[in-house]
Amino acid sequence: MKFPAYSVLFVDDDADVREAAQQTLELADIVVECYGEPEKALLRIKQGWPGILVTDIRMPKMDGMALLQAAIAHDPELPVILVTGHGDVATAVRAMRDGAYDFIEKPFAPDYFVDVMRRAMAHRHLLSENRNLKAELAKHTASGTGLIGRAPSMEKLRALIGNIAGTDAHVMINGETGAGKEVVARTLHDISGRTGPFVAINCGAMPENLIESELFGHEAGAFTGADQKRVGKFEFADKGTLFLDEIESMPLSLQVKLLRVLQERAFERLGSNKVQAIDLRVVAATKIDLRAAASRGAFREDLYYRLNVVQLHIPPLRDRVEDIPLLFQHFMELAKDRFGRDFSPLTASEISVLTRHDWPGNVRELRNAAERRVLGLDLFADEGKTTADATVPLPRQVEAFEKNVICEALRQQGGNVTAVVSVLGVPRKTLYDKLAKYDIVPGNFRNRHNDQPANS
Ligand SMILES: Nc1ncnc2c1ncn2[C@@H]1O[C@H](COP(=O)(O)OP(=O)(O)OP(=O)(O)O)[C@@H](O)[C@H]1O
Ligand SMILES: [Mg+2]
């Protein structure tokens, strides 16, 4: 991972040691400032030193321990490395307990010294990255939109949402699976100032006759089985927002009826001839190219143009990689609350793995990966299932595969071990042995939310 060139503040009262350190670091392309007097170094820290501090422990006047205290009192994120020349490991250990990042014993090999410096710099970089992520998250929470992202495409999307929210123009949202179509629709409604509710209906999940009565409602006796009067979604969504998900699945016959409602701003319940006026704003969502569908006759063109007054395109996650760490952090925080489990900060190599992944399931897939990380599982549920790697010893691959199968079964069975014993067809004792071997806790798979991972 690339990180800015942090510099080293090196403090030692011995001029020869300072010179040697300066040479070693400069040879390694590391910027260094050396001081013989701790007070001067402290002044630099108070000016906002953007790097790390390395200090000798035994010095006249102010010793390394005192400098450590003063330095981290000023900047708690400053990695401080103590140099001990007397095998004084006890002092060094005490320093670590008091907040030092590391210690090295004199004499040290140049390579080792440079290595410790680089690690401390990477550490500093991660701390500041995590702080930025948190600040960024707080900003989003404070602004009241659930839509996270600072990629230029997301900033543009947010601006567009802000521009059109207050109008009653119908909106078409386009984006791949899990990209955030529903979050965008809700955000749009939340800031629209419309007084009615947000009402969602998935056109792809219902047979034709059901969607019609869902939308229009019906009078008692309107059709067989309609024994009671029912208020439809149009009526519920009056003065609010009607979210029509997977609009491409709406049957053509119903498309005509929807078009009429939008044009006349009125509808009738099934089995009634009383026309009721409604104030509707429709937000429709689709994963497909609806214009192409319209031009080949698979979707009504007139409805397409009526709905497509404003089009919001949500870019796939792989086209906004800069948002990946931010979203991942956000979902880890949520998972921490849900599972009551703390998590360690993302490491540089994890961030690099995450940003290289192509996320076919988009933000939903990323949210599942963040939850798996908080639960201590592999980031990608299907890792090892499909990727054979001829460079990894077979037993390790078999173990990875086995662990994934067990976790997946536990997830599907909501953490119920008896059910897992039955679906996997292994003796209970064997399963318990494997749970212990892979450090899997079935309780962590209970109490999951309903949303399914994109790859299930
Ligand atoms: N920009 C975002 N900020 C915060 N959370 C997001 C963002 N985008 C998506 N999510 C979260 O990711 C998950 C999937 O988002 P959503 O349900 O809106 O996707 P979708 O495009 O409607 O998916 P589908 O095509 O499967 O219906 C949800 O949990 C949602 O809260
Ligand atoms: Mg959706």
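Since the structure is predicted, the reported quantities are computational estimates derived from the model, not experimental observations. (Residues numbered from 1 in each chain as written. Chains lettered and ligands numbered in written order. Predicted model: local features only at pLDDT ≥ 70, side-chain atom pairs only at ≥ 80, totals over all residues. Heavy atoms only, no water.)

## Re the overall build of the protein chain
Okay, step 1: Along the protein chain, the regular secondary structure elements total 18 helices and 14 strands.
Okay, step 2: Its C-alpha atoms put the protein chain at 95 × 60 × 40 Å along the principal axes.
Okay, step 3: Of all 456 residues assigned to the protein chain, the portion counted as buried reaches 46%.
Okay, step 4: Residue pairs at least 24 apart in sequence account for 70% of intrachain contacts in the protein chain once pairs closer than 6 positions are excluded.
Okay, step 5: As presented, the protein chain carries roughly 22,500 Å² of accessible surface, and 52% of it is formed by carbon and sulfur atoms.
Okay, step 6: Both charge centroids of the protein chain, one from 57 positive and one from 63 negative side chains, sit 5 Å from each other. (Helix = DSSP H or I, 4+ residues; strand = E, 2+ residues; numbered from the N terminus. Buried < 20%, exposed > 50% of the residue type's maximum accessible area, 1.4 Å probe, protein only. Contact = heavy atoms within 4.5 Å. Areas by Shrake-Rupley, 256 points an atom, 1.4 Å probe, with all protein chains shown as cover. Lys, Arg positive; Asp, Glu negative; His and termini not counted. Charge placed at Lys NZ, Arg CZ, Asp CG, Glu CD.)

## Focus: the pairing of strand 13 (residues 281-286)
Okay, step 1: Burial analysis of strand 13 places six of its six residues in the buried class, the great majority of the element.
Okay, step 2: Side chains Arg281, Val283 and Ala285 project from strand 13 onto one buried face, and the interleaved Val282, Ala284 and Thr286 project onto a second face that is buried too.
Okay, step 3: Alignment of strand 10 (residues 241-245) against strand 13, held across four bridges, turns out to be parallel. Bridge pairing in strand 13 places Phe243 opposite Val283. (Pairing = 2+ DSSP bridges.)

## Some thoughts on the confidence of the model for the protein chain
Okay, step 1: Here the protein chain averages 87 in pLDDT, and 91% of its residues register 70 or above.
Okay, step 2: Segment residues 448-456: pLDDT under 50, and 22 contacts once partners within four positions in sequence are set aside and those in other chains are kept. (pLDDT = per-residue confidence, 0-100.)

## As for the site of ligand 1
Okay, step 1: Around ligand 1 lies a shell of 18 residues, among which Ile148, Gly178, Lys181, Arg364 and Arg367 are the nearest.
Okay, step 2: A distance of 2.6 Å is found between an oxygen atom of ligand 1 and a side-chain nitrogen or oxygen belonging to Lys181.
Okay, step 3: At 2.9 Å from an oxygen atom of ligand 1 is found a side-chain nitrogen or oxygen belonging to Arg364.
Okay, step 4: Compared with its free state, where it exposes 630 Å², ligand 1 has 87% of that area covered by protein.
Okay, step 5: Every element with two or more residues in the shell around ligand 1 is listed here: helix 7 (181-190), helix 13 (324-339) and helix 15 (362-374).
Okay, step 6: Residues that form the shell around ligand 1 fall into these classes: eight nonpolar, four polar and six charged.
Okay, step 7: There are two domains that each give the shell around ligand 1 at least three residues, and those are domain 2 (152-315) and domain 3 (328-375). (Near = heavy atom within 4 Å. Polar contact = N/O pair within 3.5 Å; in protein donor to acceptor, adjacent residues only side chain to side chain. Nonpolar A, V, L, I, M, F, W, Y, C, P; charged D, E, K, R; others polar. Domains from an automatic or database assignment.)

## Structural notes on the pattern of salt bridges
Okay, step 1: Under the criterion given, the structure shown has 25 salt bridges.
Okay, step 2: For the salt bridge of Lys257 with Glu212, the shortest nitrogen-to-oxygen distance reads 2.9 Å. One end of the pair, Lys257, is in helix 10 (residues 252-264); the other, Glu212, is in helix 8 (residues 208-216), with 45 residues separating them in the sequence.
Okay, step 3: Overall, Lys257 belongs to the partly exposed group, its relative accessible area being 28%.
Okay, step 4: On the basis of relative accessibility, which here comes to 17%, the residue Glu212 falls in the buried class.
Okay, step 5: Several salt bridges share partner residues, and in doing so they unite Asp12, Asp56 and Lys106 into one network. (Salt bridge = Lys/Arg side-chain N within 4 Å of Asp/Glu carboxyl O.)

## A closer look at the sheet that holds strand 14 (residues 310-314)
Okay, step 1: Spatially, 7-10-13-6-14 is the arrangement adopted by the five strands of the open sheet, whose pairing is parallel. In this open sheet, the two strands that pair with only one neighbour each are strand 7 (198-202) and strand 14. Shown here is a sheet whose adjacent strand axes are inclined to one another by a mean of 20°, direction ignored.
Okay, step 2: The pairing of strand 7 with strand 10 spans five bridges and is parallel. If you follow Asn202 over to strand 10, its bridge partner there is Asp245.
Okay, step 3: Packing of helix 6 (residues 152-164) onto the sheet brings it into contact with strand 6 (171-175), strand 13 and strand 14, and relative to strand 14 it is tilted by some 155°. (Axes fitted to C-alpha atoms, helices over the stretch in contact; angles between N-to-C directions.)

## A few points about the side chain of Arg373
Okay, step 1: Residue position: Arg373 is located in helix 15.
Okay, step 2: The exposure class assigned to Arg373 is buried, which follows from its relative accessible area of 12%.
Okay, step 3: Of the polar contacts made by the side chain of Arg373, one reaches the backbone oxygen of Ser344; its length is 2.9 Å.
Okay, step 4: Beyond its immediate sequence surroundings of up to four residues, Arg373 is in contact with Phe328, Met332, Phe343, Ser344, Pro345, Leu346, Glu350 and Leu379.

## Some thoughts on the environment of Gln22
Okay, step 1: Tracing the chain through its elements places Gln22 in helix 1 (residues 15-27).
Okay, step 2: Given a relative accessible area of 28%, Gln22 falls into the partly exposed group.
Okay, step 3: Along the primary structure Gln22 and Val8 are separated by 14 residues, whereas in three dimensions their C-alpha atoms are 9.5 Å apart.
Okay, step 4: Other than its neighbours up to four places away in sequence, Gln22 contacts Val32 and Cys34.

## What to know about the sheet that holds strand 1 (residues 8-11)
Okay, step 1: In spatial order, the strands read 2-1-3-4-5; together these five strands make up an open sheet with parallel pairing. Each edge of the sheet is formed by a strand with only one pairing partner; in this case those strands are strand 2 (32-35) and strand 5 (102-105). Each strand of the sheet is rotated relative to its neighbour by a mean of 20°, with strand direction disregarded.

## Points about the domain arrangement of the protein chain
Okay, step 1: Examined at the domain level, the protein chain breaks down into domain 1 (8-136), domain 2 (152-315), domain 3 (328-375) and domain 4 (381-456).
Okay, step 2: Each of domain 1 and domain 2 was reduced to a C-alpha centroid, and the two centroids are 61 Å apart.

## Let's talk about helix 14 (residues 348-356)
Okay, step 1: Buried within helix 14 we find Glu350, Ile351 and Leu354. Taken around the axis of helix 14, the buried residues stretch over an arc of 100°, which confines them to a single face. Within helix 14, the exposed residues directed more than 90 degrees away from the buried face are Ser349 and Arg356. (Arc of directions from axis to C-beta.)

## Some remarks on the packing of helix 17 (residues 417-424) against helix 18 (residues 428-438)
Okay, step 1: In the contact formed by helix 17 and helix 18, the axes pass within 10 Å of each other and the chain directions differ by 110°. With respect to their mutual orientation, helix 17 and helix 18 come out roughly perpendicular. From helix 17, Val417, Thr418, Val420 and Val421 reach across to helix 18, where they touch Arg428, Leu431 and Tyr432.
Okay, step 2: In terms of residue class, the contact of helix 17 with helix 18 is built from five nonpolar, one polar and one charged. (Parallel < 35°, antiparallel > 145°, perpendicular 65-115°, else oblique.)

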